[in-house]
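Inside the fold
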Amino acid sequence: MDGNAQPRKKLDAAEMGAIAHLYRGEVYRSTIWRTRLDTTTNWSVVTLGVALSITYSSPQASPLPLVLVGILIIFFLMQEARRYRYFNVWRARCRWMELHFFAPMLREGDLHLEDCWQDRLANDYLHPVYHVSMWTAIGRRIRRNYFWILLIQTVAYLGKLIVHPTPLETVGQLLERAAIGPLPGWLVLTIGALYCLSWGIIAILSEKSDIRRAKTRRDPLGMG
């Protein structure tokens, strides 16, 4: 805050009522975007379920649907991460008002406007930006939802190769069953391993980044 600026006067009843309505609006927007996050997760679960049904419908069924569904899961993950970045904006604003407006009012009856928390909220409305990067959003969605989806996909795929059409007896059989058209089995399995490893690395790096941000954050919330 500029040293020459006049201190902010206390909020009157009308202004406090406006902030209360603003909070309700932000809660509504965060709820809508939270529902949209659930929608893309549901799409991923349903498509994986369809792929499982097709692949395990008979011993002779191909494991290819479990490979192809990975493309859809990536698409849904990218879309969900983008939606999460929007959701995080509304969520952060709600939490900011809860911590600096409602909590002090309930506890002390003093909003502590001298701390200039209202300036940060105003700047977020004047110059709205995402509070987290796309990679951070992807990592958070993997850790909270998609880890289990990817784990089920991987275990189901390997299980299909091991038990169908007959129980696996040699490594050569595994490579033969994993082959897709002109692609040899070792290449398909290598790509699959990189597929799983890359998402795992993103999730781990994102978690470490979140931990560092939490340790260096001056505010108890910090938007994002």
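Before reading further, recall that the structure is shown in the block above.
Throughout, a residue's number is its position along its own chain's written sequence, starting from 1. It should be noted that, the model being predicted, local features are given only for residues of pLDDT at least 70 and side-chain atom pairs only at 80 or more, the latter also being counted only at that level, while totals for whole chains, interfaces and linings use all residues. Just so you know, side-chain values use all the structure's heavy atoms and leave hydrogens and water out.

**Quick notes on the layout of surface pockets**
Worth spelling out the cut-off: Method remark: on a 1 Å grid restricted to protein atoms, a set of points is classed as a cavity if a 1.4 Å probe fits but cannot get out and as a pocket if it is open with protein on both sides within 12 Å along at least five of seven lines; lining residues have an atom within 4 Å of a point. Grid points are joined across faces, edges and corners, and a volume is the space filled by probe spheres set on the points. Counting from the N terminus, the helices are DSSP H or I runs at least four residues long and the strands are E runs at least two residues long. Charged means Asp, Glu, Lys or Arg here, nonpolar means Ala, Val, Leu, Ile, Met, Phe, Trp, Tyr, Cys or Pro, and polar covers whatever is left, Gly included.
Of the voids in this model, the largest pocket is the one considered here, and its volume is about 460 Å³. Along its surface, the largest pocket is lined by 19 residues, and V67, V188, I191, G192 and Y195 are the ones closest to its centre. Elements with a contribution of two residues or more to the lining of the largest pocket: α2 (64–107), α4 (134–163) and α6 (185–216). Looking at the lining of the largest pocket, the element that brings in the most residues is α6, giving seven residues. The residue inventory of the lining of the largest pocket, partitioned by class, reads 15 nonpolar, four polar and no charged. Of the volumes computed, that of the second largest pocket is approximately 230 Å³. Every residue along the wall of the second largest pocket is listed here: I142, R143, F147, L150, L151, T154, C196, W199, G200, A203, I204 and E207. Secondary structure elements with two or more residues in the lining of the second largest pocket: α4 and α6. In terms of residue class, the lining of the second largest pocket is made up of eight nonpolar, two polar and two charged.

**Focus on a nonpolar patch on the surface**
Our working rule: Residues with no salt bridge and a relative accessible area higher than 30% make up the patches, which join like charges within 9 Å and nonpolar side chains (Val, Leu, Ile, Met, Phe, Trp, Tyr) within 5 Å. Each accessible area value is a Shrake-Rupley result obtained with a 1.4 Å probe; residue values ignore everything except the protein chains displayed when judging cover. Here, a salt bridge means any side-chain nitrogen of Lys or Arg that lies within 4 Å of a carboxyl oxygen of Asp or Glu. Think of it in three bands: with a 1.4 Å probe and only protein chains considered, a residue is buried below 20% of the maximum accessible area for its type, exposed above 50%, and partly exposed in between.
Together, Y56, L158, I162 and V163 make up an exposed nonpolar region whose accessible area comes to about 310 Å². The class for I162 is partly exposed, based on a relative accessible area of 41%.

**A closer look at the pattern of salt bridges**
Within this structure, the stated rule accounts for eight salt bridges. Close ionic contact of R29 with E26 constitutes a salt bridge, the shortest N to O distance being 2.9 Å. Separated by three residues within a single helix, R29 and E26 lie in helix α1 (residues 13–55), roughly one turn from each other. Relative accessible area serves as the criterion here: at 1%, E26 is assigned to the buried category. One salt bridge connects D210 with R140, and the closest N-O pair in it is separated by 3.0 Å. With D210 in helix α6 and R140 in helix α4, this pair connects stretches of sequence that are 70 residues apart. Linked by salt bridges that have partners in common, E26, R29, R93 and D124 make up one network.

**Section: the side chain of Q118**
Worth spelling out the cut-off: Think of a polar contact as two N or O atoms within 3.5 Å of one another; within protein, one of them needs to be a possible hydrogen donor and the other a possible acceptor, and neighboring residues in sequence only count if both atoms come from side chains.
Structurally, the position occupied by Q118 is in helix α3 (residues 117–126). Among the polar contacts listed, one links the side chain of Q118 to the backbone oxygen of L113, at a separation of 3.2 Å.

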